[in-house]
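The residues making up each chain are set out below.
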Amino acid sequence: MKAGARMRFCELREKEVVNLCNCRRLGCVADIILDLCQGCVQAIIVPGPCKVCGLFGCDSEYVIPFECIKKVGPDIILVEICEENFLKRCKEC
């Protein structure tokens, strides 16, 4: 993103996240992690793969550090990650 560029969280949530390593769609941004001391985004959170045909919800999420975001476009966010390294089990599960 350009220096000084701004975006509201509701706009960020509408964007689909795509992994450049395998061109796989990961889903849409569900949440963000903020560094309150420095006032910046540390990571975006995308729900992980769903259980059994998507019927029982998700028990994991991708926690993608800000430095892995390569481009934020009008409709998508391009990231470069090894998915296994960033897939975390949800705390609620």
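First, a word on scope: everything that follows refers to the structure included in this document.

## Looking at the overall build of the protein chain
Working step 1: Each helix and strand in the protein chain was counted, giving 2 helices and 8 strands.
Working step 2: Classification of the 93 residues of the protein chain by burial places 29% in the buried group.
Working step 3: A sequence separation of at least 24 residues applies to 39% of the contacts in the protein chain between residues at least 6 apart.

## Looking at the nonpolar core
Working step 1: Formed by 14 residues in total, the largest nonpolar core has its most connected members in V17, L26, I44, I64, I77, V79 and I81.
Working step 2: Among the elements of the structure, β4 (40–47), β5 (60–65) and β7 (76–79) are those that each provide at least two residues to this core.
Working step 3: In this structure, I44 is in contact with L12, V17, V29, D31, I32, Y62, V63, I64 and I69, ignoring residues within four places of it in sequence.

## A few points about the pattern of salt bridges
Working step 1: According to the stated counting rule, one finds 2 salt bridges in the structure shown.
Working step 2: Between R25 and E16 there is a salt bridge whose closest N-O contact spans 3.6 Å.
Working step 3: R25 sits in the exposed class, given a relative accessible area of 61%.
Working step 4: Residue class for E16 comes out partly exposed when judged on its relative accessible area of 22%.

## Structural notes on the environment of A43
Working step 1: Within the fold, A43 resides in strand β4.
Working step 2: With a relative accessible area of 5%, A43 lands in the buried category.
Working step 3: In this structure the C-alpha to C-alpha distance between A43 and E67, which are 24 residues apart in sequence, comes to 8.2 Å.

## Some remarks on unusual backbone geometry
Working step 1: Non-glycine residue C23 carries a positive phi angle of around 60°.
Working step 2: C23 sits in the exposed class, given a relative accessible area of 64%.

## Some remarks on the sheet that holds β4
Working step 1: Spatially, 4 strands are ordered β3-β4-β5-β8 in an open sheet, and the strand pairing comes out antiparallel. Whereas interior strands pair on both sides, the edge strands pair on one side only; in this sheet they are β3 (31–35) and β8 (87–89). For this sheet, the mean angle separating the axes of adjacent strands, direction not counted, is 35°.
Working step 2: Both β3 and β4 contribute to a ladder of 5 bridges, which runs antiparallel. Within the sheet, the bridge partner assigned to I33 lies in β4 and is A43.

Basis of the calculations
Residues numbered from 1 in each chain as written. Predicted model: local features only at pLDDT ≥ 70, side-chain atom pairs only at ≥ 80, totals over all residues. Heavy atoms only, no water. Helix = DSSP H or I, 4+ residues; strand = E, 2+ residues; numbered from the N terminus. Buried < 20%, exposed > 50% of the residue type's maximum accessible area, 1.4 Å probe, protein only. Contact = heavy atoms within 4.5 Å. Core = buried A, V, L, I, M, F, W, Y, C linked by side-chain atoms within 4.5 Å. Salt bridge = Lys/Arg side-chain N within 4 Å of Asp/Glu carboxyl O. Pairing = 2+ DSSP bridges. Axes fitted to C-alpha atoms, helices over the stretch in contact; angles between N-to-C directions.

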